[in-house]
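What follows is the residue order along each chain.
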Amino acid sequence: MTALVVPRRPKGRWMPWTAAGVVVAVTVFMCLPGVGVGLDVAAIARNWQQGALRIGELLTPDWSFFPRTVGPILETLQMAVIGTAVGAAISLPVSFWAARPTNPFAPTRAVVRGILNVIRAVPELVYAAVLVAMVGVGALPGILALVLFNVGIIVKLVSESIDATDLGPLEAGRAAGATQTQINRAIALPDTWPAFVSQTLYVFELNVRASTVLGLVGAGGIGLLIDAVRTFYRYDQLSLVIVEVLVIVVVLDTVSDAIRRRLV
Amino acid sequence: MTTGSLTPGVEALASAPWGIRLDGVSVRYPNGTVGLKSVSLDIAPGELIAVVGLSGSGKSTLIRTVNGLVPATSGVVEVGGRRVDGASSRRLRELRGHIGMVFQSFNLAGRTTVLNNVLVGRLAHTPLWRTLFGAYREADRRLAFEALDRVGLLPKVWDRASALSGGQQQRVAIARALTQQPRIVLADEPVASLDPPTARGVMDDLRRINEDLGITVLVNLHLLDLAREYGTRMIGMRAGEVVYDGPAASATDADFAQIYGRSVTAADRLER
């Protein structure tokens, strides 16, 4: 048996611990008072008792508060369903306009993508605040904010999955004399469908979570209730609401996971 | 490996074949690569042409200039006496509607049914609203069933395309081309992804399309025994030029050596 001649490992490469060292150094630097955010770690020691009190209340949910939460929770779910459905319906054609294989014409693609970048750059809370001013307090501004939020996410993710698709079947459609719209409907859509359904389920979960925040600016749902009980320092009631949201999110996660597994 | 049953009464799939004429056609890709150098060809209606050459020789470009998937940089391309070069996109779609195409990688939409894939062959003759609602005409569906029957895959009509074997997928692709009631069928390396027996079955299908329906067939191959066996005429390509044009059956190994620019090896044959 002859000895193996292993080539020497090349030098001058970044070692993982070098990178880790840089990350640690930068982080510590950012914490220094004066240059960075100025962390006052001692404040934790001074105030921990107040925090402990709150945590204690959060750990003892006020179950008698349950009847009052049912209505807002249902409103949250309704907002999420409507927002997802409308957002998904808008997103499907827009996704095809935003992807290269299904829209070879660069200028319209650039316009669609530009608009979507703007839509995504604005936080949903800002949409909700502006829309509450425009259409008044309630579920409607919340739903509209969710629709914008959903279109931004679904189109981004679905059009990226179209961009990564196999171009062969689309070429076959072109060779058969089909128009781009026909190709998109007859060939691209069936292959995009699973990604679309999967992303729609994902934003549905996000919508349930988001509506806990939207209520803070008066855009309906369970968030309104969260804002109210928080204002009165009823952390035991707040705790119940959080538990309910948690239960809903876990259920949705399980259900959408089951659906996704059947998508293939 | 089933061969399609020759059902009588499928003349619906046949229509008067078209010839192909190329006159001084050159193709230069945007990146500067030259695909074709002043190629002139005259193909009569009903011929089965085997185009041979190494990869990069311009076979794929040649076949794609016929239906305009690759536009000719200069020269004249005609199918059935109709100009392909310089045609408007609408006119091009209309011409493509008469020209079926089969690809090396089958190019089916994997997640939808065999039927939906075959119906893609009717898109050039289907209004947009029918496409959007998936409401194909009854006559179009019948054409699709007949084409599938011809390649022996009617029992698979409701299966997902991706659930079929490679040979079956290529047959579905042939059925898709047939559903166009094509006057020409182009096949770009149709058997390069298939094992030898399956390759033969697919080549048999193409030959039947040519012999029974009279459709002009232009097929790219890189295996010389298949070219010799199936072609009525052979065109050899090298570096974007036609370097051989003659009967396929009598082409010798020396002819192939001249086309390939090297001596013929066992790897150039389907059966070693």
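Residues numbered from 1 in each chain as written. Chains lettered and ligands numbered in written order. Predicted model: local features only at pLDDT ≥ 70, side-chain atom pairs only at ≥ 80, totals over all residues.

As for the overall build of chain A
Then comes step 1: When helices and strands are counted, chain A shows 10 helices and zero strands.
Then comes step 2: Each helix and strand of chain A, placed in order from N terminus to C terminus, yields the pattern α-α-α-α-α-α-α-α-α-α.
Then comes step 3: Its C-alpha atoms give chain A a radius of gyration of 25 Å, clearly above 18 Å, the size a compact globule of 264 residues would have.
Then comes step 4: Each principal axis of the C-alpha distribution contributes one length, and for chain A these read about 70 × 65 × 45 Å.
Then comes step 5: Counting all 264 residues of chain A, 34% fall into the buried class. (Helix = DSSP H or I, 4+ residues; strand = E, 2+ residues; numbered from the N terminus. Rg over C-alpha atoms; globule rule 2.2 N^0.38 Å. Buried ≥ 20, exposed ≤ 12 C-beta atoms within 10 Å, placed from the backbone.)

Remarks on the overall build of chain B
Then comes step 1: The helix and strand inventory of chain B stands at nine helices and 10 strands.
Then comes step 2: Its C-alpha atoms give chain B a radius of gyration of 18 Å, within 12% of the compact-globule value 19 Å for 272 residues.
Then comes step 3: Counted over contacts in chain B with a minimum sequence separation of 6, partners at least 24 positions apart contribute 71%. (Contact = placed C-beta atoms within 7 Å.)

Notes on the sheet that holds strand 1 (residues 20–28) of chain B
Residues and elements named next belong to chain B.
Then comes step 1: Taken together, four strands build an open sheet; the order of strands is 2-1-4-5 and the sheet is antiparallel. Because the sheet does not close on itself, it has two edges, and the strands there are strand 2 (34–43) and strand 5 (82–83).
Then comes step 2: Where strand 1 meets strand 4 (residues 74–79), five bridges bridge the pair, whose relative direction is antiparallel. Among the inter-strand pairings, Ile 20 is bridged to a residue of strand 4, identified as Val 79.
Then comes step 3: Where helix 1 (residues 59–66) meets the sheet, its contacts fall on strand 1, strand 2 and strand 4, and the angle it forms with strand 2 comes to roughly 60°. (Pairing = 2+ DSSP bridges. Axes fitted to C-alpha atoms, helices over the stretch in contact; angles between N-to-C directions.)

Re the confidence of the model for chain B
All names here are of chain B.
Then comes step 1: For chain B, the mean per-residue pLDDT works out to 91, and 95% of the residues sit at or above 70.
Then comes step 2: Highest mean pLDDT in chain B belongs to strand 7 (residues 184–187) (97); lowest belongs to helix 9 (residues 253–260) (85).
Then comes step 3: pLDDT under 50 marks residues 1–10. Its contacts with residues more than four places away, or in other chains, come to 20 contacts.
Then comes step 4: Prediction confidence for the complex, expressed as pTM and ipTM, is 0.82 and 0.89 respectively. (pLDDT = per-residue confidence, 0-100.)

Brief notes about the interface of chain B and chain A
Then comes step 1: Taken together, the contact pairs 24 residues of chain B with 19 residues of chain A.
Then comes step 2: Of all the secondary-structure elements, those providing two or more residues to the side of chain B that touches chain A are helix 2 (89–96) and helix 4 (128–133) of chain B.
Then comes step 3: Among the residues making up the side of chain B that touches chain A, the classes are represented as 10 nonpolar, 10 polar and four charged. (Nonpolar A, V, L, I, M, F, W, Y, C, P; charged D, E, K, R; others polar.)

A look at the sheet that holds strand 9 (residues 233–238) of chain B
Residue and element names in this part refer to chain B.
Then comes step 1: Reading across the sheet, the six strands line up as 6-7-8-3-9-10 and stay open at both edges, with mixed pairing between neighbours. Strands with a single pairing partner mark the edges of an open sheet, and in this sheet they are strand 6 (99–102) and strand 10 (241–246). Going from strand to strand, the sheet's axes swing by 20° on average, the running direction of each strand aside.
Then comes step 2: Bridge count for strand 7 against strand 8 (residues 216–221) is four bridges, and the pairing is parallel.

Examining the confidence of the model for chain A
Then comes step 1: Here chain A averages 89 in pLDDT, while 98% of its residues score no lower than 70.
Then comes step 2: When mean pLDDT is taken per element in chain A, helix 7 (residues 168–175) of chain A scores highest with 96 and helix 2 (residues 42–58) of chain A scores lowest with 81.

Examining the pairing of strand 2 of chain B
Residues and elements named next belong to chain B.
Then comes step 1: In this structure, strand 1 lies alongside strand 2, joined through six bridges in antiparallel fashion. Its bridge partner being in strand 2, Val 27 is matched across the sheet by Leu 36.
Then comes step 2: Where strand 1 hands over to strand 2, the hairpin turn is made up of five residues, of which Gly 32 adopts a positive phi near 100°.

As for the packing of helix 5 (residues 124–135) of chain A against helix 8 (residues 180–214) of chain A
All names here are of chain A.
Then comes step 1: Where helix 5 meets helix 8, the closest approach of the two axes is 10 Å, and the angle between their N-to-C directions is 50°. By the angle between their directions, the pair helix 5 and helix 8 is classed as oblique. The crossing of helix 5 and helix 8 is right-handed. Note on element contacts: helix 8 touches helix 5 through Ala 210, Val 213 and Leu 214, opposite Glu 124, Leu 125 and Ala 128. (Parallel < 35°, antiparallel > 145°, perpendicular 65-115°, else oblique. Left-handed = near helix turned anticlockwise from the far one by under 90°.)

A short note on the nonpolar core
Then comes step 1: Grouped together as the largest cluster of nonpolar side chains are 124 residues, with contacts concentrated most on Ala 50, Val 51, Val 118, Val 217, Leu 218 and Ala 227 of chain B.
Then comes step 2: In terms of residue count, the dominant contributor to this core is helix 8 of chain A (13 residues).
Then comes step 3: When we break this core down by domain, the ones giving at least three residues each are domain 1 (17–98 + 182–260) and domain 2 (106–181) of chain B.
Then comes step 4: Apart from residues no more than four positions distant in its own chain, Val 51 of chain B is found in contact with Lys 59, Leu 62, Ile 63, Leu 218, Val 219, Asn 220, Ile 235 and Met 237 of chain B. (Core = buried A, V, L, I, M, F, W, Y, C linked by C-beta atoms within 7 Å. Domains from an automatic or database assignment.)

A look at helix 1 of chain B
An α-helical turn contains 3.6 residues, so any two residues separated by three or four positions project in the same direction.
Residues and elements named next belong to chain B.
Then comes step 1: In terms of residue burial, helix 1 counts as a mostly covered element, since eight of its eight residues are buried.
Then comes step 2: Residues of helix 1 that are buried include every one of Lys 59, Ser 60, Thr 61, Leu 62, Ile 63, Arg 64, Thr 65 and Val 66, and no others.
Then comes step 3: Trailing helix 1 by a residue or two, Gly 68 shows a phi angle of about 75°, which is positive.

A word on the domain arrangement of chain B
All names here are of chain B.
Then comes step 1: Taken domain by domain, chain B consists of domain 1 (17–98 + 182–260) and domain 2 (106–181).
Then comes step 2: Its C-alpha centre places domain 1 at a distance of 24 Å from the equivalent point of domain 2.
Then comes step 3: With 15 residues of domain 1 at the contact, the number on the domain 2 side is 12 residues.
Then comes step 4: Listing elements by their share of the side of domain 1 that touches domain 2, those giving two or more residues are helix 2 and helix 7 (196–213).
Then comes step 5: Ranked by residue count, the leading element in the side of domain 1 that touches domain 2 is helix 7, at five residues.
Then comes step 6: Split into classes, the residues belonging to the side of domain 1 that touches domain 2 amount to six nonpolar, five polar and four charged.

Considerations on unusual backbone geometry
Residue and element names in this part refer to chain B.
Then comes step 1: A positive phi angle is found at Asn 107, which is not glycine, with a value near 55°.
Then comes step 2: As for its placement among the helices and strands, Asn 107 is situated in the loop between strand 6 and helix 3 (114–119).
Then comes step 3: Positive phi, normally seen in glycine, also occurs at Ala 239, with a value near 50°.
Then comes step 4: Mapped onto the fold, Ala 239 is located in the loop between strand 9 and strand 10.
Then comes step 5: On the neighbour-count criterion, Ala 239 (14 C-beta atoms within 10 Å) is partly exposed.

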